[in-house]
2 protein chains.
Amino acid sequence: MTRKPLTIALAQLNFHVGGLTENTDRILAAASRARDELKADLIVFPELALTGYPPEDLLFRPAFLADTDKQIQRLLEAIDGIAVVVGAPEFDQGRLYNSALVVAEGRMIARYRKRHLPNYGVFDEARYFQAGDSPMVFDCQGYRLGLTVCEDIWQEGLIAEIQGLGAEMILTLNASPFHAGKIHQREHIVCRQAKAAGLPLVYVNLIGGQDELVFDGASFVTDAQGEVVFRAPEFEENLAAVSFDQGKPLAGALSPLYREVSSEYQALILGIRDYVNKNGFRGVLLGLSGGIDSALVLALAVDALGADNVRAVLMPSRYTSEMSIEDAKAQAEAMGAAYDIIGIEPAVEAFAAMLKPVLADAKGGVTSENIQARCRGIILMALSNQWGKLLLTTGNKSEMSVGYATLYGDMAGGFAPIKDVPKLLVYQLARYRNGLSSVIPERVLTRPPTAELAPDQFDQDSLPPYEILDPILERYVERDQSAEEIIAQGFAADVVRRVITLVDRNEYKRRQSPPCIRITERAFGRDRRYPITSGYRDETC
Amino acid sequence: MTRKPLTIALAQLNFHVGGLTENTDRILAAASRARDELKADLIVFPELALTGYPPEDLLFRPAFLADTDKQIQRLLEAIDGIAVVVGAPEFDQGRLYNSALVVAEGRMIARYRKRHLPNYGVFDEARYFQAGDSPMVFDCQGYRLGLTVCEDIWQEGLIAEIQGLGAEMILTLNASPFHAGKIHQREHIVCRQAKAAGLPLVYVNLIGGQDELVFDGASFVTDAQGEVVFRAPEFEENLAAVSFDQGKPLAGALSPLYREVSSEYQALILGIRDYVNKNGFRGVLLGLSGGIDSALVLALAVDALGADNVRAVLMPSRYTSEMSIEDAKAQAEAMGAAYDIIGIEPAVEAFAAMLKPVLADAKGGVTSENIQARCRGIILMALSNQWGKLLLTTGNKSEMSVGYATLYGDMAGGFAPIKDVPKLLVYQLARYRNGLSSVIPERVLTRPPTAELAPDQFDQDSLPPYEILDPILERYVERDQSAEEIIAQGFAADVVRRVITLVDRNEYKRRQSPPCIRITERAFGRDRRYPITSGYRDETC
């Protein structure tokens, strides 16, 4: 039997969590474009495209589910001349499913209910959904197509079941979030599954930022040998089609795979842009200290939003060096961002005088350093209130891990772009950015890190060098290793113990920190749920 | 066959999450006391007593599980002359179970794996555990005893399975958190199950505060007719025994059931006491404004920790009335708490001058109100840093719902005791407390609520009266009702819409707020997981 080639469009689009009407508008527009411009027979959207991912507890609202159903009805009425596979929550007899709906010719011709619900890491799907219990295959232009949703394709045995129903190829709808290197892992697993089954596979991923998560796209098609024959770009919307001749995919564009540092940089830009725009802010502001962290955040913000939408604020104190002011100004100017200078001394002195009667015996130290940081927080929040701009915090993951940050001070802000970026990666990203065009003064990259909250203060007075700290943190926070295991890898026992104690003790600070953009395998936030109140001490610690 | 009566001890104890060694010490001490003083044959501990509940992501650490196993070994070696049923995580062949272990005569004579894992509300058990797949019954002194763990007993059909194995009574290990009225619901379900099966049942619950949760105890025994014959008190540790003669429980003490307002008050006290003590703080401090919210928090703190461990700080501004200062002083004195007075004007003026060049066109309003609140935050945090005392915030649930609070200002603090207490309940609790002994000046209870951040400002200028606001919030936040449903109950449409918009818009503030004590059916925190970035608007809104 000779069949017409089947053309499948991959709709790698950016949806808005909860934006049911606008998401449906996008689905309909993409379906029309795929039909008219790409001559596609079928278009595949990501997992839960209709609601955005993850909708979280909105799924508990009956009105939200009713509104979702109304939009599904809109799809049924409006789709014409193309088959559409779209991810949506499906409420049936008191149970909610994470489904792939197949709509064609004014009706729902098939539906598949996700069978494996991830409930680890950032995922809470068992909180909302019931697992489906059967495989599903549908017909399109004489081809038998099997469906899976995200986590399903990572499981063994599931494709064999679909194949048992006669599937000739697999479509998979995904909302697979980014972390460094994830795309390699993802393609490796999926291509192995395709090869084992001897079936071609169409993998459609979401793109866009949603609170802590960035979905990176990089949708792809693999042939029956598990070779990738088409790959959409990372971090941007893409609507493309691949034709299958007698079930064999014809090669298409091949966007490059994940590239270290540049992919992280793109993820951070997309995360900032979507948080700002989807929440309707009129741009951002940040405190620019002359140090590397705020330098990187400024560069990211300008690259994400354009210089016109970014304002920097320099807030020197008696401990701020001339070098810091010069470098901060130079950087703002190089990036074309407006900046203001507001010295904090009058407020710091006012607090010192006000607190003197009560804290007669105060020794300065942390109390006084925190007051400085919090005066800056007040200034930045006042400007944020007045300008309607989102305040970005500039703290990195190394600081957030050990609590080297002031709650309500430098931690004040609505979004924390580099909270999941370890300090050493901050340097790499800054160098990467300077490689595109020089915007961060070289001195910012080479001077020893300092919080400038006390005379001649350097990070390394209170913390181990970042070359030691970062690898310990990765092992303890991201890989759950014990003190004993980390020490066995050659790290000094006293340093390891001190770092672990600091991480444990600062859970309360992290609990009140703004959301970040997840770029590692385990970010602080939904991804890592620790009790604040805990009597646990690693016995080897 | 005539058997000796079986005496079962109910160990309603307060465990420390992660405190593996101290928890095991407590288990051993209670087992010895039950054997020697209560002449018990068997002692039953709560769910996950060994680790405390909930251990959250500590369960992902291999070292934590290994340390847990070491403590289980200690139990096996040390327990003598009594059988012990204790809740603990059990790692077996790469899978983790939420188990009830039965230890006697130096060995583990039985183990049961929880079959129904709650993954809703505050619970994330599917994140950690594998569900068990079979019922279990063990022998003790010639009696056949069936086991269940918490959620199991809320399910239908499970007791019948246990009965099928010959169980004559059911033991259930629990970590069932408090909310108002929960104990009625709990006893109703459990007694119905006992009656349906015609089996007596021993229900042992945890007590104590753990971050957002308070476990209220109120362990009980029901006979085969579903009548409660013994009940331990709420909110305190209790070790008691009930004898079963030929399987029929002999009546014991019957502590009273949940009493409205007084139970909430006790829950709040226990929550504060455990958060402060388990985290090792040297007492607490709070800002005392002369208003009802901080008045209640002061009373709760003094009742929880003793007046010596509580310090109040009055921070008047130009908008603070004489009445507020007088009432705050009177209250601190009535409760015997030390207080300091630190006016905020110098700092407020310093910020006004510093910001003037940048905010030349500032209209005051929210920006200026927030600066005042944040100056107070800085003062309180400086004192917290210096004294090593935990700062309590004083905001209530009504404010937190609609964002009537300043991030980093009055929201600054490590713990938010009344964040889950709606404003009307704040009044009820204050009146209840004054009924015990008069500590809150009557004027505080009767004056119109005001934030005193602007001249002649009252809450009701910006918010609907609390008599309207609180019921709308309960329907929208706790019961997931739509605008349409709420309006249909007789609330003004424009008010409902405004309230809903405020709730939706302020998710970002709540995300950075300190943990509270959950006393309603849905608290802000782990219990309610909303996206910050959300395009959802209730269509009926």
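What you are looking at is a predicted structure, and each value in this text was computed from that prediction instead of being measured. For every chain, the first residue of its written sequence is number 1, and the numbers climb from 1 along that sequence. Each chain gets a letter, beginning with A, and each ligand a number, beginning with 1, in the order they are written. Local features are withheld for residues below a pLDDT of 70 in this predicted model, meaning they are given only at 70 or higher, and side-chain atom pairs are given and counted only at 80 or more; totals for whole chains, interfaces and linings count all residues. Each side-chain value is derived from all of the structure's non-hydrogen atoms; neither hydrogens nor water enter the calculation.

K.L.:
I'd like to hear about the overall build of chain A, residue by residue, with values.
P.N.:
Working definition: helices are DSSP H or I runs of at least four residues, strands are E runs of at least two. Numbering for both runs from the N terminus. Scanning chain A from terminus to terminus reveals 18 helices and 19 strands. Throughout, the radius of gyration refers to the C-alpha atoms, and the reference size of a globule is 2.2 Å times the residue count to the power 0.38. Taken against the 2.2 N^0.38 rule, which gives 24 Å for 541 residues, the C-alpha radius of gyration of chain A at 26 Å falls within 12% of a compact globule. Seen through its C-alpha atoms, chain A measures out along the principal axes to roughly 90 × 50 × 45 Å. Within chain A, residue pairs in contact and separated by at least 24 positions form 73% of the contacts whose partners lie at least 6 positions apart. Of the accessible surface of chain A, which amounts to about 18600 Å², a share of 50% is contributed by carbon and sulfur atoms. Contact between two residues is taken to exist if any of their heavy atoms lie within 4.5 Å; hydrogens are not considered. Here, Shrake-Rupley sampling with a 1.4 Å probe gives the accessible areas, and only protein chains in the shown set may cover a residue.

K.L.:
Give a detailed account of the pairing of strand β10 (residues 207-210) of chain B, specifying residues and quantitative values.
P.N.:
Residues and elements named next belong to chain B. Neither face of β10 is left uncovered, since the one carrying Ile207 and Gly209 and the one carrying Gly208 and Gln210 both have all their residues buried. At least two bridges found by DSSP between two strands are what make those strands a pair. In terms of strand pairing, β10 meets strand β11 (residues 213-216) through 4 bridges, oriented antiparallel. When the sheet's bridge partners are listed, Gln210 is paired in β11 with Leu213. Counting the residues between successive antiparallel strands, the hairpin from β10 to β11 contains 2 residues, one of them, Asp211, with a positive phi of roughly 50°. Throughout, exposure labels follow a simple rule: accessible area from a 1.4 Å probe, protein chains only, divided by the maximum for the residue type, with under 20% read as buried, over 50% as exposed, and the rest as partly exposed.

K.L.:
Go over unusual backbone geometry, please, and point to the residues and values.
P.N.:
Between Tyr53 of chain A and Pro54 of chain A the backbone carries a cis peptide bond, its omega angle lying at -10°. Mapping Pro54 of chain A onto the fold places it in the loop between β2 (42-44) and α2 (62-78). You will see that Ala218 of chain A, though not glycine, has its phi angle at about 60°, which is positive. Following the sequence through the fold, Ala218 of chain A ends up in the loop between β11 (213-216) and β12 (220-222). Backbone geometry at Gln93 of chain B places phi at a positive 50°, although glycine is not the residue there.

K.L.:
Lay out helix α7 (residues 292-305) of chain B in plain terms, naming residues and giving numbers.
P.N.:
Here a helix's expected span is defined as the number of its residues, less one, multiplied by 1.5 Å. A rise of 1.5 Å per residue sets the reference length of α7 of chain B, with its 14 residues, at 20 Å; its end C-alpha atoms lie 20 Å apart and thus fit the reference within 8%. Remark: Gly306 of chain B follows α7 of chain B within two positions and exhibits a positive phi of approximately 85°.

K.L.:
Before we move on, could you go through the environment of Leu288 of chain B and cite the residues and values that matter?
P.N.:
Within the secondary structure, Leu288 of chain B is located in the loop between β16 (284-287) and α7. C-alpha of Leu288 of chain B to C-alpha of Ala328 of chain B: the two residues are 40 residues apart in sequence and 6.1 Å apart in space.

K.L.:
Run through the environment of Gly365 of chain B, naming residues and quoting values.
P.N.:
Residues and elements named next belong to chain B. Relative to the helices and strands, Gly365 resides in helix α10 (residues 365-387). Overall, Gly365 belongs to the partly exposed group, its relative accessible area being 39%. Separated by 188 residues in sequence, Gly365 and Pro177 place their C-alpha atoms 42 Å apart.

K.L.:
So, the packing of α7 of chain B against helix α8 (residues 322-335) of chain B: which residues are in play, and what are the values?
P.N.:
All names here are of chain B. Packing of α7 against α8 brings their axes to within 11 Å, and their N-to-C directions diverge by 15°. As the angle between them shows, α7 and α8 are arranged roughly parallel. The two elements α7 and α8 cross, and the hand of that crossing is right-handed. Contacts between α7 and α8 pair Ala295, Leu298, Ala299, Val302 and Asp303 from the former with Gln331, Ala332 and Met335 from the latter. When residues are grouped by polarity, Ala, Val, Leu, Ile, Met, Phe, Trp, Tyr, Cys and Pro land in nonpolar, Asp, Glu, Lys and Arg in charged, and all others, Gly among them, in polar. Class assignment of the residues belonging to the contact of α7 with α8 gives a composition of 6 nonpolar, 1 polar and 1 charged. Orientation is described by lines fitted to C-alpha atoms, with helices fitted over the stretch in contact, and by angles between N-to-C directions that extend from 0 to 180 degrees. Each angle gets one of four labels, with under 35 degrees taken as roughly parallel, over 145 as roughly antiparallel, 65 to 115 as roughly perpendicular, and the rest as oblique. Crossing chirality is assigned from the near helix's rotation relative to the far helix, an anticlockwise turn below a right angle marking it left-handed and a clockwise turn marking it right-handed.

K.L.:
Before we move on, can you summarise the sheet that holds strand β17 (residues 310-314) of chain B with the specific residues and values?
P.N.:
Paired through their backbone hydrogen bonds, the strands of a sheet run either parallel or antiparallel. Residues and elements named next belong to chain B. Overall, parallel pairing links the 4 strands, which are arranged β18-β17-β16-β19 in an open sheet. Lying at the two open borders of the sheet, with one neighbouring strand each, are β18 (338-341) and β19 (390-391). Bridge count for β16 against β17 is 4 bridges, and the pairing is parallel. Counterpart to Leu285 in the pairing with β17 is Arg311. Where α7 meets the sheet, it contacts β16 and β17, and its direction lies at approximately 170° from that of β16.

K.L.:
Can you explain the packing of aromatic side chains? Please cite residues and give values.
P.N.:
When the centres of two rings from Phe, Tyr and Trp lie within 6.5 Å, Trp using its six-membered ring, the rings pair. Their planes under 30 degrees apart give stacked, over 60 give edge-to-face, and anything left gives tilted. Under the defined criterion, the tally for this structure stands at 24 aromatic pairs over all chains. Measuring from ring centre to ring centre gives 6.4 Å for Tyr128 of chain B and Phe129 of chain B, while their planes differ by 70°; the resulting arrangement is edge-to-face. When its relative accessible area of 13% is taken as the criterion, Tyr128 of chain B is described as buried. On the numbers, 5.4 Å between centres and 70° between planes, the contact of Phe178 of chain B with Phe235 of chain B is edge-to-face. Within this pair, whereas Phe178 of chain B is found in the loop between β8 (169-174) and α5 (182-197), its partner Phe235 of chain B is found in the loop between β13 (228-231) and β14 (238-245), the two being separated by 57 residues in sequence. By the burial criterion, Phe178 of chain B is buried, and Phe235 of chain B matches it. Put simply, the rings of Tyr53, Tyr120, Phe123 and Phe215 of chain A pair up and form one aromatic cluster. A ring has a charge above it when a Lys NZ or an Arg CZ is no more than 6 Å from the ring centre and no more than 35 degrees off the ring normal. Over the face of the ring belonging to Phe524 of chain A we find Lys397 of chain A, whose NZ or CZ atom lies 5.7 Å from the ring centre. One Lys or Arg, Arg3 of chain B, reaches over the ring of Tyr143 of chain B and ends 4.0 Å from the middle of that ring.

K.L.:
Tell me about the interface of chain B and chain A, and name the residues and values.
P.N.:
At the junction of the two partners, chain B supplies 88 residues and chain A supplies 89 residues. Definition used for salt bridges: Asp or Glu carboxyl oxygen within 4 Å of a side-chain nitrogen of Lys or Arg. Counting the contacts that link chain B with chain A gives 6 salt bridges. Here Asp124 of chain A ties to Arg529 of chain B by a salt bridge, and the two come within 3.3 Å at their closest N and O atoms. N or O atoms closer than or at 3.5 Å make up a polar contact, with two conditions inside protein: a donor-capable atom paired with an acceptor-capable one, and, for residues adjacent in sequence, both atoms drawn from side chains. Here chain B and chain A share 44 residue pairs in polar contact (both at pLDDT 80 or more) between them. Per element, the largest residue contribution to the side of chain B that touches chain A is 14 residues, and it comes from α10 of chain B. Among the residues forming the side of chain B that touches chain A, the class breakdown is 42 nonpolar, 23 polar and 23 charged.

K.L.:
Explain the relation of the copies chain B and chain A residue by residue, including any values.
P.N.:
Only residues with pLDDT of at least 70 in both copies contribute their C-alpha atoms to the least-squares superposition of the copies. Mapping chain B onto chain A is achieved by rotating through 180° and translating by 0.0 Å along the same axis, at an RMSD of 0.0 Å. The two molecules are tied by a two-fold rotation axis, judged by turn and shift. Proximity to the rotation axis, assessed at the C-alpha, singles out Gln512 of chain B in chain B; its C-alpha lies 2.1 Å from the axis. Mapped onto chain A, 99% of the interface residues of chain B are again interface residues, and the two copies thus contact each other with one and the same surface.

K.L.:
Quick rundown of the nonpolar core? Include the residues and the values.
P.N.:
Residues grouped as a nonpolar core are buried Ala, Val, Leu, Ile, Met, Phe, Trp, Tyr and Cys residues, joined through side-chain atoms within 4.5 Å. In terms of nonpolar packing, the biggest core is built from 95 residues, with Phe351 and Leu383 of chain A together with Phe351 and Leu383 of chain B touching the most fellow members. Leave out the neighbours within four places in its chain, and Leu383 of chain A touches Leu285, Val313, Ile342 and Gly388 of chain A together with Leu355, Val358 and Leu359 of chain B.

K.L.:
Break down helix α10 (residues 365-387) of chain A for me, citing the residues and quoting the values.
P.N.:
Residue and element names in this part refer to chain A. In this model α10 runs 34 Å from its N-terminal to its C-terminal C-alpha over 23 residues, within 8% of the 33 Å that 1.5 Å per residue would give. Buried residues dominate α10, accounting for 18 of its 23 residues. Of the residues trailing α10, Gly388 is marked for its positive phi of about 70°.

K.L.:
Tell me about the environment of Cys516 of chain B, residues and numbers included.
P.N.:
All names here are of chain B. Among the structural elements, Cys516 can be located in the segment after α18 (507-511). Residues Cys516 and Asp420, 96 residues apart in the sequence, show an inter-C-alpha distance of 6.5 Å. Apart from residues lying up to four places away in sequence, Cys516 is in contact with Asp211, Glu212, Phe415, Ala416, Lys419, Asp420, Ala523 and Phe524.

K.L.:
Describe the sheet that holds strand β13 (residues 228-231) of chain A, listing the residues and the values that go with them.
P.N.:
All names here are of chain A. Across the sheet, 6 strands lie side by side as β6-β7-β8-β9-β12-β13; this open sheet has mixed pairing. Of all strands in the sheet, those bounded by a partner on one side alone are β6 (137-140) and β13. Looking at each pair of strands side by side, their axes are set apart by 20° on average, direction ignored. Across 5 bridges, the pairing between strand β8 (residues 169-174) and strand β9 (residues 201-205) is parallel.

K.L.:
Could you give an account of the state of the cysteines, naming the residues involved and the relevant values?
P.N.:
As used in these notes, a disulfide is a covalent bond between sulfur atoms, one from each of two cysteines. Residues and elements named next belong to chain B. Disulfides are defined in this document as cysteine sulfur pairs within 2.5 Å. Going through the model one piece at a time under the given rule, you end up with 0 disulfides over all chains. Note on Cys150: no disulfide assigned, nearest cysteine sulfur contributed by Cys191 at a separation of 15 Å. You can call Cys150 buried: its relative accessible area is 7%.

K.L.:
Run through the side chain of Thr68 of chain A, naming residues and quoting values.
P.N.:
Residue and element names in this part refer to chain A. Within the secondary structure, Thr68 is located in helix α2. Residue classification places Thr68 among the buried positions, given a relative accessible area of 1%. Thr68 has contacts with Leu20, Leu50, Thr51 and Pro89, leaving out every residue within four places of it along the chain.

K.L.:
An account of the pattern of salt bridges is requested, with residue identities and associated values reported.
P.N.:
Across all of its chains, the model carries 78 salt bridges over all chains by this definition. Asp480 of chain B is the salt-bridge partner of Arg61 of chain A, the closest N and O atoms lying 3.3 Å from each other. In this pair, Arg61 of chain A is assigned in the loop between β2 and α2 and Asp480 of chain B in the loop between α15 (466-478) and α16 (483-488), connecting two distinct chains. Residues participating in the shared-partner salt-bridge network are Asp211 of chain A together with Glu507, Arg510, Arg511 and Arg528 of chain B.

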